[in-house]
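In case you want the letters, here they are:
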Amino acid sequence: MVTSVERLSFAAATVIASAGGVFAWNTGFVSHQAHYSPRFGKTLSPFGRQHGSNARTVSSSSSSTNLAMVVSPPPVTIGGGGRMGGFTANNAENRRVVPEDPRGRPVIKVVYVVLESQYQSSMTAAVKRINAGSNNMAVECVGYLLEELRSDDAYDQFKKDVAEANIFIGSLIFIQELAEKVVEAIQPERERLDACIVFPSMPEVMRLNKIGTFTMKNLGQSKSIVSDFMKKKRQDDGSSFEEGMLKLLRTLPKVLKFLPSDKAADARTFMMSFQYWLGGSPENLEALMLMVGQDYVQTVKDSMVGKPKVKAEDPVLLPDKAIWHPVAPSLVFENPQKYFEWYNNEFCPDAGIDPKTAPTIGLILQKSHINTKDDTHYVSLISELESRGARVVSVYSGGLDFSGPLEEYFYDASGKPIVDTIINLTGFALVGGPASQDHAKAAKVLKKLNKPYMCAVPLVFQSFEEWQSSELGLHPIQVALQVSLPEIDGAIEPIIFAGREGATGRSVPLADRVNLLADRALKWAMLSNKPNKDKKIAITIFSFPPDKGNVGTAAYLDVFASIKAVMGQLEAEGYNVGEIPDSKEKIMESILNNPDAKIASPELNVAYRMSTNEYYELTPYATDLEANWGSAPGNLNSDGQNLVVYGKEFGNVFIGVQPSFGYEGDPMRLLFAKSASPHHGFAAYYTYLEKIFGADAVLHFGTHGSLEFMPGKQVGMSGTCYPDRLIGSLPSAYLYAANNPSEATIAKRRSYSATVSYLTPPAENAGLYKGLKELKELISSYQGLRENEGRGPAIVNSIVSTAYTCNLDKDIDLPKLEVYDAKTDTAENRDDIVGKVYSQIMQIESRLLPCGLHTVGIPPSAEEAIATLVNIAQLDRPEDKIEGLPRVIAASIGREINEVYRGNNNGILKDVELNEKIVNASRCAVRALVDQSTDSTGRIKEVKSFMDDMAGMFASFTGSKKPWTQAIINAGFPNVNEERLVPLFKYLEFCLKQIVANNELGGIMQLLNGEFLMPAPGGDPIRNPDVLPTGRNMHALDPSSIPTTAAVEVAQDVVKKLLEKLADDNDGMYPESIAFTLWGTDNIKTYGESLAQVLALAGVRPVPDSLGRVNKVELIPLEQLGRPRIDVVVSCSGVFRDLFINQMNLLDRGIKMAAEADEPLEMNFIRKHALEQAVELNVSLRDAACRVFSNAAGSYSANVGLAIENGGWEDESQLQEQFLTRKGFAFNADKPGMMEAQAELFKSALKTVDVTFQNLDSSEISITDVSHYYDSDPTKVVQGLRDDKKKPMAFMADTTTANAQVRTLAETVRLDARTKLLNPKFYEGMLSTGFEGVREIQKRLRNTMGWSATAGDVDNFVFEDANSVFIEDADMRQRLLDTNPNAFRDMVTTFLEANGRGYWETSDENIERLQELYAEVEDRIEGV
């Protein structure tokens, strides 16, 4: 029987455990003895800089850490022996305190493990106080930071310390693999320990709790009424329930105090311990150890027999929320009016601040830093802001919901916002911190304030020295918690502003970072205060590859038409834009120089010539570039004497051309493992924007430039990182394609850019043309005449002949044309042939491709909306209980849609026919929905809700069908279930509203006007329509959330198809090793499908931990797997490395788990190869099993794409050497703080590869749209490394539709060429946009040749047909030449290069024509 006392005790435990970190970082308490009023004087600021004579500056006695290290950091060696974490050095001995003289007192040993270091100084001080002042006990104490336990040496010492301990204390142990190590060390000692006290941590760690009879042994293992209540309250009330939990936390000890039960007393001890711990001051921690020691440590209890116990003071709490200022006469202000009375009337006049005109910066602080007096970093930033003439209002919250303090303290009495910029200094999400976030609530609160919201980051797991020396930068756990999550709130600029001093663990302000943060916050504030007519805006466009024909490069964006739209909006909102040209062509021409500059001028319009003296004077880091580029001016963006800035001014708007990387055409630089610094011309461009033109903000125009990919740390820039140096204090808005959240996130983090998403052109069906169209007509004829023994076979013969003409024999098995006669064949075989051709034709026709280019501010037409909605409608969305339209239609005739897809893919004629019929019915149904809202111009201004209107009600009474239902019936499916369609069409109606909404121009203006731009996910709008509407601040996702369960299911299906296909082609044999490429954007769009594919191949299962985060893996038993474990060699893109380093950790742990499994080698190829490589390389099995590779930190790509795009390569061996050199950096979960050069291990792993594999996940970006895919393709690299020199098979998974398929790379290249490069629908759509369109066509041709270079999987007919379309046709040739002569010259060059390198065999006549054309175009460009 459970008593009421036991229930209450368990409730207390559950409150703590269920909070799981809710109170962890910010809740703080202070004892009676704590002294909080620091002494301040008129002294130097913490940075040693004297302010003006009237400035009142601050220094804190509680913040006396020596800051000399900030200016000149000592060298640091990261280590500690064994398998070290790489990020966190082993400093446990700094936290070891041994009593100098026990004086006959019993000595108790306390061991603690914490996530953060801020407890270190307080624990040390508390122990010293006890050792100096207590008559009852002395304390030996040693502490460990959680991350230190990755080190074998540190972990061994930890276990030794625990074996000798009396008391163990743990807090915030939320990292799964380290939580498991803590449990492994503590569990055997738990019964022996006098007390084991664990504050919010993983449930398995919380279950270690033991104070007398108080335990949490059932936590997380059974249903809890309290837990259920908390979940329900959180759903009902949002995160405000956390405030209720704080009140409960304060109340329970008082209630428990009066209960007689021993269990209640023990529970009260735990609750009191938790309050003391949260207080964090030496006095609080002293009270904690004295209380637990005298009540639970037997030696102390024995020595105190007959002595009175020391009475512990109750903790005293600061208010749960308040305003804090370091020099205020009152420690905190709960009333904002009282704060501003003091601040405006007393402080500001003394500090030389005019409260009427000064910008106001709102700061959000961690309460625990105030409690522990660890506030130097806060004092420093406040000082810097005030020294610049700004007002500051700093708020904190007792819980982790900061929305309350923002709404209470950031408005005046009339409800008007008083802040101009908000900086969150906690680094955590606004609502919920690291525990459980409410991003929607956060965004709503921030939008109401409508001011820029920055989230700066204090170092937690690293000391300043460790961060400074790390190439990766910020610790991966912090990136996940304190960068990724705040971005989902809408936060920008994750600037590191404080470090951790290694010896004491106290926070240290980082001087240059605090200065930068202050400067950038005030620049953002200026945007909302400065009149538009006076603002200067720099629009930056790109030219890649660097060539005049490529000016205005951006993915799927009509750049100059979009610039015209933006300039018009700027003018409408009062900006001075001078004389705007009245067409996009004239804007383009003014940048290119003059009306005929695209032909007659060798260079672009020069806006400014910067002398080298001026350059060196204004660019402090200029001399650092000389190691790579020599002295300025150099030969890039230079006239030989000056550095040249290209662009043109229009009033207060400058449109400039960002320089290129500079090493694109240099074979030697392309081979470097690490990327070079920017060249002098690049640096001069950004110096010009900030210091000469005087821009108030820069708008980077389109996806994407080079700024964010310059060398530096991955995340958490230092002052020596080039993106940080280049952007300086300039607020940056960055127009980024909505389907590319990964690279947009790099721009946000590395170049401090607030992104504005733009729409990519809606995907339409590729359609058919020429022989392909003729084939479909023949198949249609066959369907009507297949029973006719006279005409049916004749049509089949024509189908076979035409299929050969269209080169479909490369894709399907066709009978030999010379000997085949359908008349002698059976009807079944004829159907089989026609079915296979039909299936191939349908794949081509239904292939989705974006047509044309997008212009900012123009929403899709009704036809374009239909194309997008059809694709949205095909997908099942089980999480929303929505069935895809094809599934519902197929069910109406008793078919399961996946069976139809399988039959279609296998060329079964009746299923191919049915699939096309379902596709047509789906389109008709969606059209019926859209037609309800389409106006006479073919546009949708307002979406009419057919679900709610009177007509719908009338239809339900009369029994008539909804328009979409009737459309499906009319398309041949009379039994479709209308009820099953309702959830889908409600969803499609919502999606239609999202599709036609458009805030792109509005989003740009909101940023330039210093407002808060609402956040939105990036990705594939078909998979995730929440990406729409565009014009919002794009973010990625919580990295710990992938792979999702749905992604794992899709991945298993793809892996099954891949292995079945490979086994069929290889006499039932499985491949031993597969080389795999992982992309950042793909994994965001698919929620980790390709990541899950790697795990599935290795026979490893991702497992959500007890908090729902995916950071555990387990082996699938071989008997369950039913096949061997396939070895994988994973090449991660640099962007994937930056965004998902925790998932790289997951992969590496899973693969090593497989390598160490004691299984037969014929059933575990990972172990087989790792054992061989361990012997070959003389390394351990674990090190030999490293299979996760990428670039060096701060570097991106293999530079293969750069070489091919710019022609800067000698032969294929150079490309292969680039790949091996630049991608050969191993990630090792045993040393996660570094990317280690492991070229030999990389080669050793690759030479075992049988198959190379990549994924296509969305219709917008395919393998010839960008160079990324072939840049990371290792097919020929593997061939060169294999002992038998056999080329591995190359495959692509296509999950762009509900009908996921696996194709060979050659099949995919052919499909891409037929649907894009050779497809009139595609190239005419591109040509309709003019200048940019020619460049887009040439880009596909060049990227097609890239596949020849890296994989050799491009058929000759692709080049031959392309030559026929673009070169042999005289009219087409002239159009290309007239529209963009530079891009046309590149096209001619590509054809000649393809022939010269042996990728295209053609007639002498074709080559002679191309050579003549090249000379002709060259003369025209040079003006001859």
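Residues numbered from 1 in each chain as written. Predicted model: local features only at pLDDT ≥ 70, side-chain atom pairs only at ≥ 80, totals over all residues. Heavy atoms only, no water.

## Observations regarding the overall build of the protein
Looking only at helices and strands, one finds 59 helices and 38 strands in the protein. Taken over 1424 residues, the protein has a buried fraction of 64%. If you take every contact in the protein between residues at least 6 apart in sequence, the share linking residues at least 24 apart comes to 77%. Carbon and sulfur atoms make up 50% of the accessible area of the protein, which totals about 48500 Å². (Helix = DSSP H or I, 4+ residues; strand = E, 2+ residues; numbered from the N terminus. Buried < 20%, exposed > 50% of the residue type's maximum accessible area, 1.4 Å probe, protein only. Contact = heavy atoms within 4.5 Å. Areas by Shrake-Rupley, 256 points an atom, 1.4 Å probe, with all protein chains shown as cover.)

## Examining the nonpolar core
Counting residues in each nonpolar core, the largest one holds 206 residues, and the members touching the most others are Ile-539 and Ile-541. Among the elements that take part in this core, helix H19 (residues 511–529) stands out by supplying nine residues, more than any other. If near-sequence neighbours (up to four positions away) are discounted, Ile-541 is found in contact with Val-551, Gly-552, Val-559, Phe-560, Ile-563, Ile-591, Ile-655, Gly-656, Val-657, Gln-658 and Phe-701. (Core = buried A, V, L, I, M, F, W, Y, C linked by side-chain atoms within 4.5 Å.)

## Some words on the packing of helix H30 (residues 791–805) against helix H31 (residues 827–846)
H31 packs onto H30 with a crossing angle of 40° between their chain directions and a minimal axis gap of 10 Å. Between H30 and H31, the angle is such that the two are oblique. The crossing of H30 and H31 is left-handed. Across from Pro-793, Val-796, Ile-799, Val-800 and Ala-803 in H30, the residues of H31 making contact are Arg-830, Ile-833, Val-834 and Val-837. Looking at the contact of H30 with H31 residue by residue, the classes come out as eight nonpolar, no polar and one charged. (Axes fitted to C-alpha atoms, helices over the stretch in contact; angles between N-to-C directions. Parallel < 35°, antiparallel > 145°, perpendicular 65-115°, else oblique. Left-handed = near helix turned anticlockwise from the far one by under 90°. Nonpolar A, V, L, I, M, F, W, Y, C, P; charged D, E, K, R; others polar.)

## A few points about the pattern of salt bridges
In this structure the tally under the stated criterion is 81 salt bridges. Measuring nitrogen to oxygen at the nearest pair gives 2.8 Å for the salt bridge that ties Arg-96 to Glu-93. Residue Glu-93 is classed as partly exposed on the basis of its relative accessible area of 48%. The salt bridge partner of Asp-401 is Lys-441, with a shortest N-O separation of 2.9 Å. Taken as a pair, Asp-401 in the loop between strand S12 (391–397) and helix H15 (403–409) and Lys-441 in helix H16 (residues 439–449) lie far apart in primary sequence, 40 residues in all. Put simply, Glu-93, Arg-96, Lys-109, Glu-140, Asp-161 and Glu-164 are held in one network by salt bridges that share partners. (Salt bridge = Lys/Arg side-chain N within 4 Å of Asp/Glu carboxyl O.)

## Examining the pairing of strand S5 (residues 195–198)
Alternating residues of S5 divide into Ala-195 and Ile-197 and Cys-196 and Val-198, and every residue in both groups is buried. Following the backbone out of strand S4 (residues 167–171), through helix H5 (residues 176–186) and into the adjacent parallel S5, one traces a crossover that is right-handed. Of the pairings in the sheet, the one linking S5 to strand S6 (residues 210–211) comprises two bridges and is antiparallel in character. Each bridged residue has a counterpart across the sheet, and for Ala-195 the counterpart in S6 is Ile-211. (Right-handed = clockwise from strand over helix to strand, strands pointing away. Pairing = 2+ DSSP bridges.)

## Re the side chain of Lys-367
For Lys-367, the position within the fold is in helix H13 (residues 367–371). The side chain of Lys-367 sits in the buried core without any salt bridge; Asp-320 is the nearest counter-charge, 4.3 Å away. At a separation of 3.1 Å, a polar atom in the side chain of Lys-367 contacts the main-chain carbonyl oxygen of Pro-319. (Lys, Arg positive; Asp, Glu negative; His and termini not counted. Polar contact = N/O pair within 3.5 Å; in protein donor to acceptor, adjacent residues only side chain to side chain.)

## Some words on the confidence of the model for the protein
Model confidence for the protein is summarised by a mean pLDDT of 86, while 87% of its residues fall at 70 or above. This model gives residues 1–86 a pLDDT under 50, and the stretch forms 241 contacts once residues within four places in sequence are excluded. Contacts from residues 594–601, a stretch scored under 50 in pLDDT, to residues over four places away or in other chains number 19 contacts. (pLDDT = per-residue confidence, 0-100.)

## What about the sheet that holds strand S22 (residues 697–701)?
Spatially, S19-S20-S21-S18-S22-S23-S24 is the arrangement adopted by the seven strands of the open sheet, whose pairing is mixed. Single-partner strands in this sheet number two, and they are strand S19 (606–611) and strand S24 (753–758). Across the sheet, the axes of successive neighbouring strands diverge by a mean angle of 30°, strand direction being ignored. Here four bridges tie S22 to strand S23 (residues 732–737), and the two strands are oriented parallel to one another. What sits directly across from Leu-699, in S23, is Ala-733. Along the sheet face, helix H26 (residues 680–692) touches strand S18 (537–541), S19, strand S20 (642–650), strand S21 (653–657) and S22 and points at about 45° away from the line of S20.

## Topic: the packing of aromatic side chains
Going through the model one piece at a time under the given rule, you end up with 39 aromatic pairs. Pairing Phe-214 with Phe-270 gives two aromatic rings, centres 4.9 Å apart and planes at 25°, and the pair type is stacked. Taken together, the positions of Phe-214 in strand S7 (residues 214–215) and Phe-270 in helix H9 (residues 262–279) put the pair 56 residues apart, joining distant regions of the chain. Given the relative accessible area of 4%, Phe-214 is considered buried. Considering the side-chain rings of Tyr-1323 and Phe-1366, the 5.2 Å spacing of their centres and the 70° angle between planes classify their relative orientation as edge-to-face. Linking Tyr-1323 in helix H54 (residues 1320–1327) with Phe-1366 in helix H56 (residues 1356–1368), this pair joins segments that are 43 residues apart in sequence. For Phe-1366, a relative accessible area of 1% gives the class buried. Members of the aromatic cluster, joined through ring pairs, are Tyr-119, Phe-199, Phe-214, Phe-270, Phe-274 and Trp-277. Of note, Lys-713 hangs over the ring of Trp-467, and the distance from its end group to the ring centre comes to 5.5 Å. It is Lys-917 that lies over the ring of Phe-973; its NZ or CZ is 5.0 Å from the centre. (Phe/Tyr/Trp six-rings, centres within 6.5 Å; stacked < 30°, edge-to-face > 60°. Lys NZ or Arg CZ within 6 Å of the ring centre and 35° of its normal.)

## Focus: unusual backbone geometry
The step from Thr-703 to His-704 runs through a cis peptide bond, and the omega angle for that step is -15°. Relative to the elements of secondary structure, His-704 occurs in the loop between S22 and helix H27 (722–727). In the segment running from Leu-1028 into Pro-1029, the intervening peptide bond is cis, with an omega of -5°. Along the chain, Pro-1029 turns up in the loop between strand S27 (1015–1017) and strand S28 (1033–1035). A positive phi is found at Tyr-556, a non-glycine position, where the angle reads about 55°. Its location among the elements puts Tyr-556 in the loop between S18 and helix H20 (559–572). A positive phi angle, near 65°, is found at Asn-807, a position not held by glycine. Mapped onto the fold, Asn-807 is located in the loop between H30 and H31. Looking at Asn-807, the relative accessible area reads 15%, which means it is buried.

## What about the side chain of Asp-1273?
Among the secondary structure elements, Asp-1273 is positioned in the loop between helix H51 (1268–1271) and helix H52 (1275–1281). One buried charged side chain, Asp-1273, makes no salt bridge at all; its nearest oppositely charged neighbour is Lys-1287, positioned 8.3 Å away. Within the structure, the side chain of Asp-1273 is placed 3.0 Å from the side chain of Thr-1275, a separation counted as a polar contact. Contacts of Asp-1273, omitting those with residues within four sequence positions, involve Thr-1252, Gln-1254, Trp-1347, Thr-1350 and Ala-1351.

## Structural notes on the environment of Ser-1262
Position of Ser-1262 among the secondary structure elements: in the loop between strand S36 (1251–1256) and H51. A relative accessible area of 4% places Ser-1262 in the buried class. The residues touching Ser-1262, leaving out its near neighbours within four places in the chain, are Arg-847, Leu-1256, Tyr-1269, Asp-1312 and Lys-1316. Here Asp-1312 takes part through its side chain, which lies 2.6 Å from a polar atom of the side chain of Ser-1262.

## What to know about the pairing of strand S13 (residues 421–424)
The alternating pattern of S13 places Thr-421 and Ile-423 and Ile-422 and Asn-424 on opposite faces, both of which are buried. Where strand S11 (residues 360–365) and S13 come together, four bridges link them in parallel fashion. Its bridge partner being in S13, Ile-364 is matched across the sheet by Asn-424.

## Points about H16
All of the buried residues along H16 are His-439, Ala-442, Ala-443, Val-445, Leu-446 and Leu-449. For H16, the arc enclosing every buried residue in end-on projection is 165°, short of the 170-degree limit, so these residues lie on one face. Exposed residues on H16 whose side chains face more than 90 degrees from its buried face are Ala-440, Lys-444 and Lys-448. The inward-facing, buried residues of H16 abut H15, S13, strand S14 (453–455), helix H18 (476–489) and S27. (Arc of directions from axis to C-beta.)

## Points about the sheet that holds strand S34 (residues 1225–1227)
Ordered by their spatial adjacency, eight strands build an open sheet running S35-S34-S33-S32-S29-S36-S37-S38, and the pairing between neighbours is mixed. Either end of the sheet is taken by a strand with one partner, and the two such strands are strand S35 (1235–1237) and strand S38 (1301–1304). Ignoring strand direction, the axes of neighbouring strands in this sheet form an average angle of 30°.

## Quick notes on H18
Look at H18: 19 Å from first C-alpha to last across 14 residues, which is about the 20 Å you get at 1.5 Å a residue. When you tally the buried positions in H18, you get 14 out of 14 residues, the bulk of the element. Positive backbone phi, at 110°, marks Gly-490, one or two positions downstream of H18. (Expected span 1.5 Å × (residues − 1).)

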